[in-house]
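Below, each chain spelled out in residue letters.
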Amino acid sequence: VPKEDFYLHVSGVEQPLVGVMKYTNNKLLSLGVNEGDLVSFKPDSEYEFNIDGEKLYRVFTSSITMKL
């Protein structure tokens, strides 16, 4: 089972400090982090937004800890 399917469909719940990259930047691209990648980030580094009914988090590039 691809990890995206496991994360999004089997668990059915949000995982703390983990998210799918929606908008990337040149620094993240240079590190191999692309849109759609599953990433982890530091505690208390996210700021929640609701955009057109979709929950998004703003996380500074320096707070992204790894690509999963």
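Structure first, text after, so check above.
Since we're looking at a predicted model, the values are computed, not measured. (Residues numbered from 1 in each chain as written. Predicted model: local features only at pLDDT ≥ 70, side-chain atom pairs only at ≥ 80, totals over all residues. Heavy atoms only, no water.)

An order of β1-β2-β5 is seen for the three strands of this open sheet, with the pairing classed as antiparallel. The sheet is open, and its two borders are formed by β1 (18–20) and β5 (64–67), each paired with just one other strand. The average undirected angle you get between the axes of adjacent strands in this sheet is 35 degrees. For strand β2 (residues 38–41) and β5, the ladder comprises three bridges, and the chain directions are antiparallel. Bridge assignment links Ser40 to a residue of β5, and that residue is Met66. (Pairing = 2+ DSSP bridges. Helix = DSSP H or I, 4+ residues; strand = E, 2+ residues; numbered from the N terminus. Axes fitted to C-alpha atoms, helices over the stretch in contact; angles between N-to-C directions.)

The subject of this paragraph is the pattern of salt bridges. One pass over the full model with this rule turns up three salt bridges. Salt-bridge contacts for Lys55 lead to Glu14; the nearest nitrogen and oxygen are separated by 2.8 Å. Remark: Glu14 occurs in the loop between α1 (3–10) and β1 and Lys55 occurs in strand β4 (residues 54–59); sequence separation between them is 41 residues. With a closest N to O distance of 3.4 Å, Glu54 and Lys22 form a salt bridge. Remark: Lys22 occurs in the loop between β1 and α2 (26–30) and Glu54 occurs in strand β4; sequence separation between them is 32 residues. The class of Lys22 is partly exposed, set by a relative accessible area of 36%. (Salt bridge = Lys/Arg side-chain N within 4 Å of Asp/Glu carboxyl O. Buried < 20%, exposed > 50% of the residue type's maximum accessible area, 1.4 Å probe, protein only.)

Taking every second residue as pointing to the same face, both faces of β2 are buried, with Leu38 and Ser40 on one and Val39 and Phe41 on the other. The pairing of β1 with β2 spans three bridges and is antiparallel. Within β2, the position partnered with Val18 by the bridge is Ser40.

On to a nonpolar patch on the surface. A surface patch of nonpolar side chains, amounting to about 290 Å² of accessible area, comprises Tyr47, Phe49 and Ile51. Checked against the element boundaries, Ile51 lands in strand β3 (residues 46–51). The partly exposed category is assigned to Ile51, whose relative accessible area is 41%. (Patch = residues over 30% accessible without salt bridge, like charges linked within 9 Å, V, L, I, M, F, W, Y side chains within 5 Å. Areas by Shrake-Rupley, 256 points an atom, 1.4 Å probe, with all protein chains shown as cover.)

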